[in-house]
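Reading the structure
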Amino acid sequence: MPPITELTRIEPVHLARLEKQGIFTTGILLEVSETATRRQSLADHVRATINDVTTWRDEALMLNLAGFGPAEHQVFIQARIEGLHDVLSVDLDAFRARIVRGAAELGTEPPADLMIETWWEQARTLAEA
């Protein structure tokens, strides 16, 4: 599980408060924010909004996709895909095009087609859960 420090859409003050609560990985964040009640409780404890927690959760879900690491995260950011919600908002062809374009802009090799398709399908599976 990636550390929460890899989340790009979180203010440093909230990051420090999460760490003070013992939330050091995206896996722990996902666990403690699993339900709407838990998200509200977490927001109250770290003095954030429920929208903040939902945003962090969205990115944490993306960071936990299979075969996803820091290099892939950079490609996604370049492709303007900040979280699972962005993956879910496009069809597979548009998602693939954005990832390929993001990799090209960074001057890196795009992920394999099979990996891109796996991420897209996994995002849909996570959304249904």
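First, a word on scope: everything that follows refers to the structure included in this document. (Residues numbered from 1 in each chain as written. Predicted model: local features only at pLDDT ≥ 70, side-chain atom pairs only at ≥ 80, totals over all residues. Heavy atoms only, no water.)

Description of the side chain of Asp-58
- Its location among the elements puts Asp-58 in helix H4 (residues 50-63).
- Judged by its relative accessible area of 15%, Asp-58 falls in the buried class.
- Within the structure, Asp-58 has its side chain in polar contact with the backbone nitrogen of Leu-84 (distance 2.9 Å).
- Setting aside residues up to four positions removed in sequence, Asp-58 forms contacts with Arg-9, Gly-83, Leu-84 and His-85. (Helix = DSSP H or I, 4+ residues; strand = E, 2+ residues; numbered from the N terminus. Buried < 20%, exposed > 50% of the residue type's maximum accessible area, 1.4 Å probe, protein only. Polar contact = N/O pair within 3.5 Å; in protein donor to acceptor, adjacent residues only side chain to side chain. Contact = heavy atoms within 4.5 Å.)

Side note on unusual backbone geometry
- At Arg-47, a position not held by glycine, the phi torsion is positive, near 55°.
- Position of Arg-47 relative to the elements: it lies in the loop between helix H3 (36-46) and H4.
- Even without a glycine there, the phi angle at Arg-80 is positive, about 60°.
- The topology assignment puts Arg-80 in the loop between helix H5 (70-78) and helix H6 (84-88).
- A relative accessible area of 60% places Arg-80 in the exposed class.

What to know about H3
- Within H3, the full set of buried residues consists of Arg-39, Leu-42, Ala-43 and Val-46. All buried residues of H3 fall inside an arc of 100° around its axis, so they share one side. Turned more than 90 degrees from where H3 packs its buried face, Thr-37 and Asp-44 sit exposed.
- In this fold, the buried residues of H3 make contact with helix H1 (12-20), helix H2 (26-32) and H4.
- In the segment just after H3, Arg-47 is the residue with positive phi, at about 55°. (Arc of directions from axis to C-beta.)

Side note on the packing of H5 against helix H7 (residues 92-106)
- Two elements in contact, H5 and H7, have axes whose closest approach is 8 Å; the angle formed by their N-to-C orientations is 105°. Here H5 is positioned roughly perpendicular relative to H7, judged by the angle of their axes. Here H5 contributes Gln-74, Val-75, Phe-76 and Gln-78 to the contact with H7, which in turn contributes Phe-95, Ile-99, Gly-102, Ala-103, Glu-105 and Leu-106.
- Residue composition of the contact of H5 with H7, grouped by class: 6 nonpolar, 3 polar and 1 charged. (Axes fitted to C-alpha atoms, helices over the stretch in contact; angles between N-to-C directions. Parallel < 35°, antiparallel > 145°, perpendicular 65-115°, else oblique. Nonpolar A, V, L, I, M, F, W, Y, C, P; charged D, E, K, R; others polar.)

Things to note about H7
- Its 15 residues give H7 an end-to-end C-alpha distance of 21 Å, which sits within 8% of 21 Å, the value for a rise of 1.5 Å per residue.
- For H7, the full list of buried residues reads Leu-92, Phe-95, Arg-96, Arg-98, Ile-99, Gly-102 and Ala-103. Buried positions in H7, seen along its axis, are confined to an arc of 165° and lie on one side of it. When the buried face of H7 is taken as reference, the exposed residues oriented beyond 90 degrees from it are Asp-93 and Ala-104.
- Those residues of H7 that are buried lie in contact with H5, H6 and helix H8 (113-128).
- Its side-chain oxygen placed 3.2 Å from the backbone nitrogen of Asp-93, Asp-91 serves as the N-cap of H7.
- Of the residues one or two after H7, Gly-107 is the one with positive phi, at around 75°. (Expected span 1.5 Å × (residues − 1).)

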